[in-house]
Amino acid sequence: MYNMEEWKHVFKLDPAKDLPDEILDQICESGTDAIIVGGTDNVTLDGVLQLLSYIRRYTVPVILEISNIESVTPGFDYFFVPMVLNSSQKKWLMDIQHEAVVEYGDVINWEEMFAEGYCIMNPDSKVYQLADCSLPTEEEAVAYARMAEHLFRLPFFYLEYSGKYGDPRIVKQIKNELENTKLIYGGGISGKQQAEEMSQFADIIVVGNAIYENPKEALKTVKAVKK
Ligand code: 1GP
């Protein structure tokens, strides 16, 4: 359908947060490669449907990053399924996903589903705490990336610093390990310069919070990586 191989930039919109229509319009028309709908807390079917129907007025591809089974609905171009590699509980790696497949496996269109191997690097983030993560050393993070690429053959490895700008050196190091697995970087990108820096290494950068905090600067991140 869409050529994900060429994607460099996505915005992540949280269905639990409000944005003025005017900003949403600008996000949809920004030239970003896709919009991910996803969040950690209070993600409801209502919130997801509202965002989906708004974004659907535009041609930009839209992805649901599944956070809970109750808020899943058809109508997205793709569904991204997080598997938290550095969680200390198997639940976040594969049990909730398994439950969903037990229930809906017969009707899932597998062509639209993509697993993301998450490595969550910010202990202060909600998602780190919720998924009961432990902080990998650099060496351990590299090992997760190698497993994503060579053992699990995952389409995406997501280096997640949610809410905090990460260390470009680690992003570079991880990128060096990946060939077929695409590297997604997300966390603390608030403007042009950071977007440029991280997209030297990551295949795809994700801009989330900045949309809510400083939309004007957030919008500039698109051009910064698509020169
Ligand atoms: C969150 O990786 C994304 O899942 C983006 O992070 O909200 O810090 O931009 P920020």
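Position labels on residues start from 1 in each chain and follow its written sequence. pLDDT decides what is reported in this predicted model: residues at 70 or higher carry local features, side-chain atom pairs at 80 or more are listed and counted, and totals for whole chains, interfaces and linings draw on all residues regardless. Side-chain calculation: all heavy atoms of the structure are included, whereas hydrogens and water are not.

An unreviewed UniProt entry annotates the protein as Heptaprenylglyceryl phosphate synthase originating from Gracilibacillus ureilyticus. Annotation of the protein in UniProt includes, under Pathway (unreviewed entry), the sentence "Membrane lipid metabolism; glycerophospholipid metabolism." UniProt positions are given in the numbering used here, feature names are shortened, and annotations may be inferred rather than shown by experiment.

Novice: Just to check I follow, could you spell out helix α5 (residues 138-151) for this structure?
Specialist: Because each turn of an α-helix spans 3.6 residues, side chains separated by three or four positions end up pointing in the same direction. Only DSSP runs of H or I covering at least 4 residues are called helices, and only runs of E covering at least 2 are called strands; the numbering of each starts at the N terminus. The span you would expect from a helix comes to 1.5 Å times its residue count less one. The first and last C-alpha atoms of α5 sit 19 Å apart over 14 residues, in line with the 20 Å expected at 1.5 Å per residue. Burial here depends on accessible area, computed with a 1.4 Å probe over protein chains only, as a share of the maximum for the residue type. Under 20% is buried, over 50% is exposed, and the range in between is partly exposed. Among the residues of α5, A141, V142, A145, A148 and E149 are the ones counted as buried. End-on view of α5: buried residues confined to an arc of 115°, all on one side of the axis. Seen from the buried face of α5, the exposed residues on the opposite side, beyond 90 degrees, are E139 and L151. Throughout, a contact is declared for two residues whenever any of their heavy atoms are within 4.5 Å. Tucked into the core, α5 has its buried residues touching β5 (113-120), β6 (156-160) and α6 (168-175). Note that the arc is computed from the directions linking the helix axis to the C-beta atoms.

Novice: What is the right way to look at the nonpolar core in this model?
Specialist: General note: in soluble globular proteins, nonpolar side chains tend to be found buried as a group. Counting residues in hydrophobic clusters, the biggest one holds 53 residues, and the most contacted among them are I55, F157, L159 and I174. Apart from the residues lying within four places of it in its own chain, the contact partners of I55 are L13, C28, I35, V37, V60 and V62. In this structure, I63, Y78, I120 and V127 belong to the second largest nonpolar core, which totals 21 residues. By nonpolar core we mean a set of buried residues, namely Ala, Val, Leu, Ile, Met, Phe, Trp, Tyr and Cys, connected to one another through side-chain atoms within 4.5 Å.

Novice: Can you help me understand the packing of helix α7 (residues 192-199) against helix α9 (residues 215-225) in this one?
Specialist: Helix-helix packing is described using two parameters, namely the angle between the two axes and the distance between the axes. Every axis corresponds to a line fitted to the C-alpha atoms, with the helix fit spanning only the stretch in contact, and the corresponding angles, defined between N-to-C directions, vary from 0 to 180 degrees. Across the interface, α7 lies against α9 with an axial gap of 8 Å and an inter-helix angle of 40°. Taken together, the axes of α7 and α9 lie oblique to each other. As α7 packs across α9, the resulting crossing turns out to be right-handed. Residue-level inspection shows K192, A195, E196 and S199 of α7 in contact with α9, the latter providing K220, T221, A224 and V225. Any angle that falls under 35 degrees is termed roughly parallel, while one over 145 is termed roughly antiparallel, one within 65 to 115 roughly perpendicular, and all others oblique. Should the near helix be turned anticlockwise from the far one by less than a right angle, the crossing is termed left-handed; should it be turned clockwise, right-handed.

Novice: When you look at the pattern of salt bridges in this model, what are you seeing that I'm missing?
Specialist: When their charged atoms lie close together, side chains carrying opposite charge are able to pair. Every case where a carboxyl oxygen of Asp or Glu lies within 4 Å of a side-chain nitrogen of Lys or Arg is listed as a salt bridge. In the structure shown here, the tally under the stated rule is 11 salt bridges. In this structure, the salt-bridge partner of R56 is D77, at a minimum N-O distance of 3.2 Å. Taken together, the residues R56 in the loop between α2 (45-55) and β3 (62-65) and D77 in the loop between β3 and β4 (78-84) connect sequence positions 21 residues apart. Judged by relative accessible area, R56 falls into the partly exposed class, the value being 32%. You can call D77 buried: its relative accessible area is 7%. Of the charged contacts in the structure, one is a salt bridge between D203 and K175, with a shortest N-O distance of 3.0 Å. Taken together, the positions of D203 in the loop between α7 and β8 (204-207) and K175 in helix α6 put the pair 28 residues apart, joining distant regions of the chain. A relative accessible area of 17% means that D203 is categorised as buried.

Novice: Just to check I follow, could you spell out the UniProt feature "binding site: sn-glycerol 1-phosphate" (unreviewed entry) in the protein for this structure?
Specialist: Those places that UniProt annotates as "binding site: sn-glycerol 1-phosphate" (unreviewed entry) correspond, in this numbering, to K12, Y158, L159, E160, Y161, S162, G163, G188, G208 and N209. Residue Y161 is classed as buried on the basis of its relative accessible area of 4%. Non-local contacts of Y161, meaning those with residues more than four positions away in its chain, are made with M121, N122, G166, D167, I170, Y185, G186 and G187. By the element assignment, G188 lies in the loop between β7 (182-186) and α7.

Novice: Honestly, the packing of helix α1 (residues 21-28) against α2 in this entry has me stumped. Any pointers?
Specialist: Closest axis-to-axis distance for the α1/α2 pair is 10 Å, and the angle between their directions is 60°. The orientation of α1 relative to α2 falls into the category oblique. The chirality of how α1 crosses α2 is right-handed. Residue-level inspection shows D21, L24, D25 and C28 of α1 in contact with α2, the latter providing L51, Y54 and I55.

Novice: Please explain the site of the ligand as it appears in this structure.
Specialist: Summary of the distance rule: residues count as near a molecule or strand when at least one heavy atom falls within 4 Å of that molecule or strand. In the region of the ligand, the neighbouring residues are K12, Y158, E160, S162, G163, G186, G187, G188, V206, G208 and N209. Taking G163, its main chain carries an N or O atom lying 2.7 Å from an oxygen atom of the ligand. For every accessible area listed, the method is Shrake-Rupley and the probe measures 1.4 Å; residues are considered covered only by the protein chains on display. Compared with its free state, where it exposes 300 Å², the ligand has 91% of that area covered by protein. As a working rule, the residues Ala, Val, Leu, Ile, Met, Phe, Trp, Tyr, Cys and Pro are called nonpolar, Asp, Glu, Lys and Arg charged, and the rest polar, with Gly in that last group. Partitioned by chemical class, the residues of the shell around the ligand number 2 nonpolar, 7 polar and 2 charged. Pairs of N or O atoms are called polar contacts if they sit within 3.5 Å, as long as, within protein, a hydrogen donor faces a hydrogen acceptor (for residues adjacent in sequence, only side-chain-to-side-chain pairs).

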